[in-house]
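# Observations on the model geometry
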Amino acid sequence: MSDEHKIIQQVYRAKENIQEADWLIGTYMPFIKAETAKYLKRPPIEGHDDELSIAMIAFHEAINGYSRARGAFLKYASMLIRSRLIDYSRKERRHSHVISLDAPVGEEDTVFGEILADEKDFHEEAASRDATRAEIEELTQQMKVFDVSLSDVADNCPKQQRTLAACRRALQYASENTELLEELLRTKRLPIGRLSAGSGVERKTLERHRKYMIALMLIYTNGFEIIRGHLKQVLKGVAIR
Amino acid sequence: MSYMVMECHPGYVILLDEAGRFFKAANLQYEVGQTVYDPILMKDKAKEQRHPAVKWICSGTAAIAACFLLFFGFSYYRDYIQPYSSIYLTINPEVQMNLNRQGTVVELVGTNDDGKRLLDGYDGKGKDKITVADELIDRAIEMGFLSEGGQISFSIDSPDDVLFQEYGVELRTKVAEYLDGRITITLEIFDYQNSQAGNEQDTSAASSAQSTQPNADASNTTDYDDTDYGSDNNNVSSNPKAPSGNATSRIEASANNSTTDYHDGDTDYAPQDEEDTNYEEDDDDDDEQNDDD
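Below or above, wherever it landed, is the structure these notes cover.

Conventions adopted
Residues numbered from 1 in each chain as written. Chains lettered and ligands numbered in written order. Predicted model: local features only at pLDDT ≥ 70, side-chain atom pairs only at ≥ 80, totals over all residues. Helix = DSSP H or I, 4+ residues; strand = E, 2+ residues; numbered from the N terminus. Buried ≥ 20, exposed ≤ 12 C-beta atoms within 10 Å, placed from the backbone. Contact = placed C-beta atoms within 7 Å. Axes fitted to C-alpha atoms, helices over the stretch in contact; angles between N-to-C directions. Parallel < 35°, antiparallel > 145°, perpendicular 65-115°, else oblique. Left-handed = near helix turned anticlockwise from the far one by under 90°. Nonpolar A, V, L, I, M, F, W, Y, C, P; charged D, E, K, R; others polar. Pairing = 2+ DSSP bridges.

## Notes on the overall build of chain A
Tallying secondary structure elements over chain A gives 14 helices and 2 strands in all. In chain A, buried positions account for 29% of the 241 residues.

## Section: the interface of chain A and chain B
The interface is formed by 36 residues belonging to chain A together with 33 residues belonging to chain B. Within the residue set of the side of chain A that touches chain B, elements represented by two or more residues are helix H2 (18–27), helix H4 (50–65), helix H7 (122–145), helix H8 (150–156) and helix H14 (225–230) of chain A. Ranked by the residues each element gives to the side of chain A that touches chain B, the list is headed by H4 of chain A, at 10 residues.

## Description of the packing of helix H3 (residues 129–142) of chain B against helix H4 (residues 161–179) of chain B
Residue and element names in this part refer to chain B. Direction vectors running N to C along H3 and H4 enclose 45°, while the axes themselves pass 10 Å from each other. With respect to H4, the axis of H3 lies oblique. Judged by the twist between their axes, the crossing of H3 over H4 is right-handed. For the pair H3 and H4, the contacting residues are Ile130, Ala133, Asp134 and Ile137 in the first and Glu170, Leu171, Lys174, Val175, Tyr178 and Leu179 in the second. Split into classes, the residues belonging to the contact of H3 with H4 amount to 7 nonpolar, no polar and 3 charged.

## A few points about the sheet that holds strand E2 (residues 13–17) of chain B
All names here are of chain B. An order of E3-E2-E1-E4 is seen for the 4 strands of this open sheet, with the pairing classed as antiparallel. Unpaired on one side and paired on the other, strand E3 (22–25) and strand E4 (35–36) mark the two borders of the sheet. Where strand E1 (residues 3–8) and E4 come together, 2 bridges link them in antiparallel fashion. Bridge assignment links methionine 4 to a residue of E4, and that residue is threonine 35.

The structure is reproduced here in structure tokens:
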């Protein structure tokens, strides 16, 4: 009984704190593996079976979605893991007609992937990935100054299309008025008043999505060209009222 | 849509899509800086569950409301939308009026070409049967289908005799009242089912006999001073309920020609027509007829 209460307390702490959530997932890894094994009917191999990754994110969803009214946490998590694994297997079944790169070709020991022409330059790709990683690390460091993490931004990201469009309008205004980006870096505060007045976006909307706006405005300061290059659709067709 | 892997955690990764949205997703052995195309995104938080009692009350209320809706919906359909009886109005144009249980017209169908012409541009849906009958008669007069001395037949197709009598009396009295002083016509009332079942040849005789049913009350109030027999026969209804005047019911008209067997056996004014109504069988009419003689 006291164990059950302990888990519930840990879950409620994990809802608020991402480190606590990571710790809880690590602590309950045997449980997650056991649930995956029940579904796979064999022990999952870490780093190889996608099902284990699905089970882990389902456990994370269970932490976020749990409330005391739902009963015991582990039962709830077990149910959620199973549902997500079933969803995943159904999704994969739709791609069952696709030929695997590991499929054998001919009588020799060659596989399908080996006979395909590979146009990718792995060295260039690895270099590009390193450069991207360096930009992301720099961004993460700058965000720390604002006491914002990428997990916070993911939680704070607008879900509705209308809100997302409003945030894009504010970002468009900031990118056209670079003094706002400079003010952000200098004062370490989001200039909500000027953004709202200039872009016509409600102040309340900007305050509600402050962390998301900080992350995007930081990306649009100098030094994040690769990430900006990835954001092809952000400022496409955005008009300020 | 491509996604950039921004951060890796043991249980999930943070992805950034091309539209600038950040997501949590399953970590399928991703690395930071990698671009991925078909990630498994974390679902949004489930909504807070309601208390079981609240859920039970809500679902119970919804079920009761659904039952009421079903019951009243069915009753409304049965009473107001579903056709229950029909009246065939025949002048030369023939029109079928489908009525609901309230006697309101739910559908009008022209059963011959003239009937279709008569209904062209007319909407009687939702109106009372008498109103529709009156309006159609007016249209028939305007369009030249009905003129002085013409004839109108109402053939009533009802599931029971009580309704047939009710509609018959109502049609006869109200339509006659409506046309009173405007035009002289003959009104006939048939039972559609009986007229369809047999006797196509002798329609008029059979229908006269049947149409006495809705007229049963009316025949009790015969005006004895105004006889239709002999040279003074003005072919005008002597029934006060079917107003005396120009509109004349076939019921009275056929009574003039009928063979009448009186109890005293003295008089038979129309010995030729042996097939006509035998009034001895109709108890209601006997006394008046005897007195009349």
